[in-house]
Structure formats: C-alpha cells, structure tokens
Amino acid sequence: MSLLGWCQWLEHTPLATAISESDWLFPLIEGTHIMALPLSVGLIVMFDLRLLGLAFRSGSTAKMMGDVVRWSKLGFSVMFTTGGLLFMTQAGKAYANGFFRAKLIFLLMLGINAVVYHAIFYPRMAEWDATGRTPLGARVCGALSLVVWIGVIICGRTMAYQF
Amino acid sequence: MMLALASFLDWVAKSRWLVYIRDSSFGMPALQSVHLVGLTILLAAILVLNLRLVGLSMVDWSIPSLVRQLKPWSVGALTMVVASGIIMFLGNPEKYLASYPFLFKMTVLVFAILSQFGVLRRLSTMEAGATPGRREIFVAGLSLTLWFTVGWAGRAIAFV
C-alpha cells in the first residue's frame, strides 16, 4: 500500500469516521491539542532559555531539566495522542499539505536534537553546573529547539487554513 | 457614544492595511501563529510559577526570584498575544462583538489578569524550600483555571 493509500485507509477507519461525524469530538480534540502547547512545547522553551542563558541563570541546570522535563512528558503524551487523532480524521488532506510535511520534518529534527543532547551533553550537566558555563554545543541545541518549535507551531496553525 | 464607537470600529475595519492583513492569504495565519506562540510562552511561564507555588516543580527557587526570571518573558508573550488579538478583532469587529465565546473570553481575561497581578504579588514573599499552604494551592488552581478558560473560550470562537 502506498503512503497516500494508507492515509486514505486511516481516514475511513471506524475511529476516524466517528470523530468526523461527531459535532463536538473534533473541536474537543483540537482544543486539547492547542491547550497542551504550554505544558509541552512551552516548558521545553523555558529550558531552552536556560540553556541560552536568557533566563533562570542562577539555579542548577540539571535540576531545572528534571523539573521541566517531568511535566513536559505529560504535555507531550497529550500532544501526540490528540495530534494522532486529528491526523487520522484528515490524513488524506494532511498528506498533500506542504505545511504538514514541514511540521513532520521539524518534529524529526527536534527528535534528533533531543537525542544528541541526551547522548552528548546530558551526562556532563553536573560538571557545567559547577563551573557555571554552558558548553557551546548545548547552547546550539537550545537555540535549535527554540527556533524549530516555533516553526512547528507556525506550520501547525497554517496547515489548517489549507484544509 | 456607542454610535461613535461603532462608526469608529467600522472605519478602522475598512482601513487599507487591516483589510490587506485580513484578506491576504498569509495575514490571518501569521497573526494566529503569533497569537499561539505568545500563548505557549505566556501560559508556560504561568504554569512554571503555579507549579512552584504548589511545590510540584522548581522548589529550589524562591517565588520572588522566579517571578523576576519569568517577568520579561511573560510580559513579552502577553504583548504578542494582545497585539495580534487586537489586530484580529479590529479586522472584523461585528463578528467578534456578536460572538458569545469572545465576550466570555474577554470577561474571564480581565479576572485572569487581575488574579495574576493582584493576588500573586502578595504571595511573592514565599522563600525557597517553603511548603505551600492551602491558600497557595487555591490561588494556583484559580489562576490556572482562569487562564486555561481564556484559551478554551478563544478556541470556541471558531466553532460556535
């Protein structure tokens, strides 16, 4: 089955049709998707500001990451669940949408960025907390995350105008 | 007075740059994007503060220092949200003034801002490591409820 064929099949699954046919399910899921932005992306942006030295400078970076990531996991689980459901109901249109494709590429970039951060910088956070200096590479990860997440929001909002 | 206001809004809505923003293909998505990015940062700052208030996150920070750190970002984000919101409103005032979710949103927004700047300021004496009392938990719950109600009402404008 082609990717487009899979999208069209997805759109006609009982779950997807139930959401499209209901008057209130789609607005509820879409609203939840948007209202989970601060708890997911917003908290990550707060930590990006810390990495860039633009806020929360005086505290421990390692401690803040623990505090922020724990809560953002909750936000992202809501995000991916609702996002998956929204995609299902309009998979065919989303497939052809340039902004949706850009959003997926951005999300992939952010995933790679997070893995790189975890592998290279995360294990040594206690060291730079002691010296008070954030390595350049970690700051680059923070800047990338900040800019690309904003890109995800812009693409997510704009794609809906083309449906 | 009301008539003068109505004709003023009508005049603004017909101004050339507002019509351009409203009717161009990128104007509304751009405004909505600014609105959402601002909302994300503003509500994240409010979340961080309220989670701290109830002792669930960032407990090694005192409330006054956390407020100081969050202030420039929340003020900047609020500016983004309000400015983009005003431009959207001015492009189509009759539609928004006739929309119950919009009127409800503006009412709750006033309470949200009042609770944020009024009550939270009084709590700003809480030191690092201090455990929250019933009052802190109530204020944090109220603040989050009000702000997220504003968000939901905003979403409802498009659907009702």
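Note that this is a predicted model, so its numbers are computed, not measured.

> Tell me what's going on with the layout of surface pockets, and back it up with residues and numbers.
Residue and element names in this part refer to chain A. Of the pockets and cavities examined, the largest pocket occupies roughly 970 Å³. If you go around the largest pocket, you meet 36 residues; those closest to its centre are His33, Leu86, Phe100, Lys103 and Met159. Listing elements by their share of the lining of the largest pocket, those giving two or more residues are helix 1 (3-11), helix 3 (25-35), helix 5 (61-89), helix 6 (91-96), helix 7 (98-121) and helix 9 (136-159). No other element matches the seven residues that helix 5 contributes to the lining of the largest pocket. Taken together, the residues that form the lining of the largest pocket break down as 26 nonpolar, five polar and five charged.

> Which residues make up helix 3 of chain A, and what values go with them?
Extensive coverage of helix 3 of chain A is indicated by the burial of eight of its 11 residues. At its buried positions, helix 3 of chain A is contacted by helix 2 (14-21), helix 4 (38-51), helix 5 and helix 7 of chain A together with helix 3 (27-53) and helix 7 (134-157) of chain B.

> Mind laying out the interface of chain B and chain A, listing which residues take part and the relevant values?
Interface size is commonly expressed as the accessible area that is lost once the parts come together. Residue-level contacts link 30 residues of chain B with 33 residues of chain A. Both faces combined, the contact of chain B with chain A buries some 2900 Å², and carbon together with sulfur accounts for 77% of it. Of all residues in chain B, the largest losses of buried area upon contact with chain A belong to Trp73, Trp152 and Arg155 of chain B, amounting jointly to 19% of the total for that side. Put simply, chain B and chain A have two salt bridges between them. Notably, a salt bridge pairs Lys63 of chain A with Asp60 of chain B, separated by 3.9 Å at the nearest N-O pair. Taken together, chain B and chain A are joined by six residue pairs in polar contact (both at pLDDT 80 or more). Listing elements by their share of the side of chain B that touches chain A, those giving two or more residues are helix 3, helix 4 (63-91) and helix 7 of chain B. The dominant element in the side of chain B that touches chain A, judged by the number of residues it contributes, is helix 3 of chain B, at 15 residues. Residue composition of the side of chain B that touches chain A, grouped by class: 22 nonpolar, six polar and two charged.

> How would you explain the side chain of Asp48 of chain A if you had to name every residue and give the values?
Within the secondary structure, Asp48 of chain A sits in helix 4. Not counting residues up to four positions away in its chain, the partners in contact with Asp48 of chain A are Gly142, Ser145 and Leu146 of chain A.

> How would you sum up the packing of aromatic side chains? Please name residues and give values.
Residues and elements named next belong to chain A. Applying the stated criterion across every chain, the model contains 12 aromatic pairs over all chains. With a centroid separation of 6.3 Å and an interplanar angle of 90°, the aromatic rings of Phe47 and Tyr117 are classed as edge-to-face. Placement of the pair is Phe47 in helix 4 and Tyr117 in helix 7, with a sequence separation of 70 residues. Assigned by exposure class, Phe47 and Tyr117 land together as buried.

> Could you give me a rundown of unusual backbone geometry, with the residues and numbers involved?
At Phe56 of chain A, a residue that is not glycine, the phi angle is positive and equals roughly 55°. Note that Phe56 of chain A resides in the loop between helix 4 and helix 5. Under the relative-accessibility criterion, Phe56 of chain A is labelled buried at 1%. Here Met58 of chain B, not a glycine, exhibits a phi torsion of approximately 55°, which is positive.

> Any chance you could break down the nonpolar core for me, citing the residues and the numbers?
The nonpolar side chains of a soluble globular protein tend to be buried with one another. In this structure, Met46, Phe47, Phe56 and Tyr117 of chain A together with Leu70 of chain B are the most contacted members of the largest nonpolar core, which totals 62 residues. Considering every element that reaches this core, the biggest residue donor is helix 3 of chain B, with 14 residues. Ignoring sequence-local partners within four residues, the contact set of Met46 of chain A consists of Phe56 and Met64 of chain A together with Ile41, Ala44, Ala45, Val48 and Leu70 of chain B. Counting 11 residues, the second-largest nonpolar core is a separate cluster that includes Leu9, Val12, Tyr96 and Phe102 of chain B.

> Describe empty space enclosed by the protein, with residues and values.
Counted by the stated rule, this structure contains one cavity of 30 Å³ or more. When its volume is computed, the largest cavity comes out at roughly 30 Å³. Of all the elements in the fold, those that place two or more residues in the lining of the largest cavity are helix 5 of chain A together with helix 3 of chain B. The leading source of residues in the lining of the largest cavity is helix 5 of chain A, at three residues. Taken together, the residues of the lining of the largest cavity break down into five nonpolar, one polar and one charged.

Cut-offs applied
Residues numbered from 1 in each chain as written. Chains lettered and ligands numbered in written order. Predicted model: local features only at pLDDT ≥ 70, side-chain atom pairs only at ≥ 80, totals over all residues. Heavy atoms only, no water. 1 Å grid on protein atoms, 1.4 Å probe; cavity = no way out; pocket = protein on both sides within 12 Å on 5 of 7 lines; lining within 4 Å. Points joined across faces, edges and corners; volume = space filled by probe spheres on them. Helix = DSSP H or I, 4+ residues; strand = E, 2+ residues; numbered from the N terminus. Nonpolar A, V, L, I, M, F, W, Y, C, P; charged D, E, K, R; others polar. Buried < 20%, exposed > 50% of the residue type's maximum accessible area, 1.4 Å probe, protein only. Contact = heavy atoms within 4.5 Å. Buried area = accessible area lost by both parts, 1.4 Å probe. Salt bridge = Lys/Arg side-chain N within 4 Å of Asp/Glu carboxyl O. Polar contact = N/O pair within 3.5 Å; in protein donor to acceptor, adjacent residues only side chain to side chain. Phe/Tyr/Trp six-rings, centres within 6.5 Å; stacked < 30°, edge-to-face > 60°. Core = buried A, V, L, I, M, F, W, Y, C linked by side-chain atoms within 4.5 Å.

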